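For reference, the chains in residue letters:
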Amino acid sequence: VAKNLVRDGANIIIAPNGSPYSRGKIEIRHKLVISRAKENKVPFIYLNLVGGQDDQVFDGGSFVVNSQGKLICLLPQFEEAIFMLNFEDGIINVDKAKSGSNYSKDENFEDYRAMCLALKDYVQKSGFSKVLIGLSGGIDSALVATIAVDALGPENVLCIRLPSVYTSEGSLEDAEDLVKALNCKIETVPIGKVNKEILQTLAPLFKGTESGLTEENIQARIRGLLLMAISNKSNSMLLTTGNKSEVAVGYSTIYGDMAGGYNPIKALYKTRVFLISKWRNSNYFSWMRGPKGEVIPKVIIDKPPTAELRPNQKDQDSLPPYAILDKILEGLIEEDLSISELVDRGHDIETVKMVESLIYNSEYKR
C-alpha cells in the first residue's frame, strides 16, 4: 500500500489506527513503520486511538518516522495529546524541546495503566461514576480495589465485606487494612444467616446427598445477589475480581463471584496479579488517584490464596501451584500448544490433560 501511494505522488503517509494494547506491541509498530518509511523514502505519521472501548483498551503512543526511518517524535502512551509538526518540502521538522513521551518498557507499568484507563472509560461510558467491590481479604479483590481507586478516586469506590462462617478474622482485618490504606469506604454484610435459611429451604431436595461443591457455591451466589442489590440501590457498577487463571479453569462461580459489570483483571494470570500488586506498592505516578506507598498490605500478597468456602480451604487443594498452572495455561491459550509440546517443555502429562479438560469443561461459564 505504501509503495503504491508513493508511486501515485504521496510525499507523506498518515496512518490512523485503532490498535488495541498488548504487551510488546509498540515495538512491533515501530519496526513495521520504520521499514515502510525506509523502503519508500517517505515520512510516516502513525496515529493511534487512546482510551477504553468495550473490552478493549487503546494505548495511543502515536509517533513520527522521517524518510530515513528514524523515530523523530513519540507521543505519550495512554494519554490524549496534541502536537504540532512542520512539514515542508518532504521534510518533517520537530521541536525536540516539546517532543516527549511517557513510553516505558516496563510491562507492569503498561498493564497497570491499561487496566486503569480501560476501567475508567468502561464505567463512565456505561453511565456510572461509582463502583462497588466485594472485598474478600485476598489479593485479587485487593488489586481490583486499588485499580478502581487509582482510576476513579477513593470517593467513588465502595468495598463490601461479606463474611461467612468460614471467613477468617485475618481476612476481615486484611480487608480493613487495605481500605484504610486506599482511603475508600467499607461496609460489612454477614451472609451466615441467609446461607442457613437457604440450606434449610433446600434440605428436602438435598436429602440423602453429601455436602460439597453445591453448598460452597451457594455462599458465592448469596454474595453475588447482595452485591447486585447494593449496586442497583447505589447506582454503582459492580466489579468482578476473578483472575485469568481461575476463570480459565472454572475456579469461579457463575452467578456468584462472576456476577458484575466489568472485570479489570480479566487478562491477568494469577502469577502476574502478584507481580503487579508488588509493583504498585513500589511505584507511583501523578495520574494515579490513590495514595503513594504500600497500599496492598504485604500479608495479603504473602498468604496462600483461598476461596474460604469450606474449613481450611486453599486453592492448591484443587489446582496445581499457580507457577505451574499459569505456564500450562499460557501454552494452551496464548501459544496454542498441544499436550505433547507442553510435555516436551517438562510438564507432567496428567497435569496438562487435567488443565486442558478444566478449560473445556468450564467454557459455558465464560
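Since the structure is predicted, the reported quantities are computational estimates derived from the model, not experimental observations. (Residues numbered from 1 in each chain as written. Predicted model: local features only at pLDDT ≥ 70, side-chain atom pairs only at ≥ 80, totals over all residues. Heavy atoms only, no water.)

A.B. asks: Would you mind going over the sheet that holds strand S9 (residues 131–134) with me for this structure?
C.D. replies: Sheet strands pair via backbone hydrogen bonds, and the direction of the pair is either parallel or antiparallel. Spatially, S11-S10-S9-S12 is the arrangement adopted by the four strands of the open sheet, whose pairing is parallel. Each end of this open sheet is capped by a strand with a single partner; those strands are strand S11 (185–188) and strand S12 (237–239). Each strand axis lies, on average, 30 degrees off the axis of its neighbour in the sheet, ignoring direction. Across four bridges, S9 lies against strand S10 (residues 157–161) in parallel orientation. Residue Leu-132 lies in a different strand from S10, and its bridge partner there is Leu-158. (Pairing = 2+ DSSP bridges. Helix = DSSP H or I, 4+ residues; strand = E, 2+ residues; numbered from the N terminus. Axes fitted to C-alpha atoms, helices over the stretch in contact; angles between N-to-C directions.)

A.B. asks: Help me understand the nonpolar core, please; the structure alone is not making it clear to me.
C.D. replies: Generally speaking, nonpolar side chains in soluble globular proteins are found buried as a group. Within the largest apolar cluster, 47 residues are counted, with the highest numbers of intra-cluster contacts made by Tyr-112, Leu-143 and Leu-239. Those elements that place two or more of their residues in this core are helix H3 (107–125), S9, helix H4 (139–152), S10, helix H5 (169–182), S12, helix H9 (270–282) and helix H10 (298–302). Counting residues per element, this core draws most heavily on H4, which supplies ten residues. Contacts of Leu-239, omitting those with residues within four sequence positions, involve Leu-119, Val-131, Leu-132, Ile-133, Val-144, Ala-148, Tyr-262 and Pro-264. Residues Val-249, Tyr-251, Leu-319 and Leu-332 belong to the second largest nonpolar core, which totals 15 residues. (Core = buried A, V, L, I, M, F, W, Y, C linked by side-chain atoms within 4.5 Å. Buried < 20%, exposed > 50% of the residue type's maximum accessible area, 1.4 Å probe, protein only. Contact = heavy atoms within 4.5 Å.)

A.B. asks: Just to check I follow, could you spell out the packing of aromatic side chains for this structure?
C.D. replies: Centre-to-centre distance and the angle between the planes together describe a pair of aromatic rings. Enumeration over the complete set of coordinates arrives at ten aromatic pairs. With centroids separated by 6.3 Å and ring planes inclined at 40 degrees, the aromatic side chains of Tyr-112 and Trp-287 adopt a geometry described as tilted. Note that Tyr-112 is positioned in helix H3 and Trp-287 in the loop between H9 and H10, a separation of 175 residues in sequence. By relative accessible area, which is 0% here, Tyr-112 ends up buried. (Phe/Tyr/Trp six-rings, centres within 6.5 Å; stacked < 30°, edge-to-face > 60°.)

A.B. asks: Quick question: what am I supposed to make of helix H13 (residues 349–361) here?
C.D. replies: Along an α-helix, a turn takes 3.6 residues, which lines up residues three or four apart on a common side. Its 13 residues give H13 an end-to-end C-alpha distance of 18 Å, which sits within 8% of 18 Å, the value for a rise of 1.5 Å per residue. Buried within H13 we find Val-352, Val-355 and Ile-359. Mapping the buried residues of H13 onto a view down its axis gives an arc of 65 degrees, with all of them on the same face. Within H13, the exposed residues directed more than 90 degrees away from the buried face are Glu-350, Tyr-360 and Asn-361. Contact partners of the buried residues in H13: helix H8 (244–249), helix H11 (322–334) and helix H12 (339–344). (Expected span 1.5 Å × (residues − 1). Arc of directions from axis to C-beta.)

A.B. asks: Would you mind showing me how to read the pattern of salt bridges here?
C.D. replies: Between side chains of opposite charge, a pair can form when the charged atoms approach closely. By the definition in use, this model includes 17 salt bridges. Its salt-bridge partner being Arg-7, residue Asp-8 comes within 3.4 Å of it at the nearest N-O pair. Of the two residues, Asp-8 and Arg-7, both sit in the exposed class. Among the ionic contacts, a cluster of salt bridges with common partners joins Arg-23, Glu-107, Asp-111 and Arg-272. (Salt bridge = Lys/Arg side-chain N within 4 Å of Asp/Glu carboxyl O.)

A.B. asks: What should I look at first to understand unusual backbone geometry in this one?
C.D. replies: Leaving glycine out, the prevailing phi sign among residues is negative, and the prevailing peptide bond configuration is trans. The phi angle at Phe-78 is positive, at roughly 65 degrees, despite the residue not being glycine. Mapped onto the elements of the fold, Phe-78 is located in the loop between strand S6 (71–74) and strand S7 (86–88). Assessed through its relative accessible area of 3%, Phe-78 is described here as buried. Phi at Asp-336 is positive, roughly 55 degrees, even though this residue is not glycine.

A.B. asks: What is the right way to look at the sheet that holds strand S1 (residues 13–17) in this model?
C.D. replies: Taken together, the four strands give an open sheet; going across it, the order is S1-S2-S5-S6, and neighbouring strands pair in mixed fashion. Whereas interior strands pair on both sides, the edge strands pair on one side only; in this sheet they are S1 and S6. Neighbour-to-neighbour, the strand axes of the sheet open up by a mean angle of 15 degrees, direction not taken into account.

The analysis is restricted to geometry; functional conclusions fall outside its scope.
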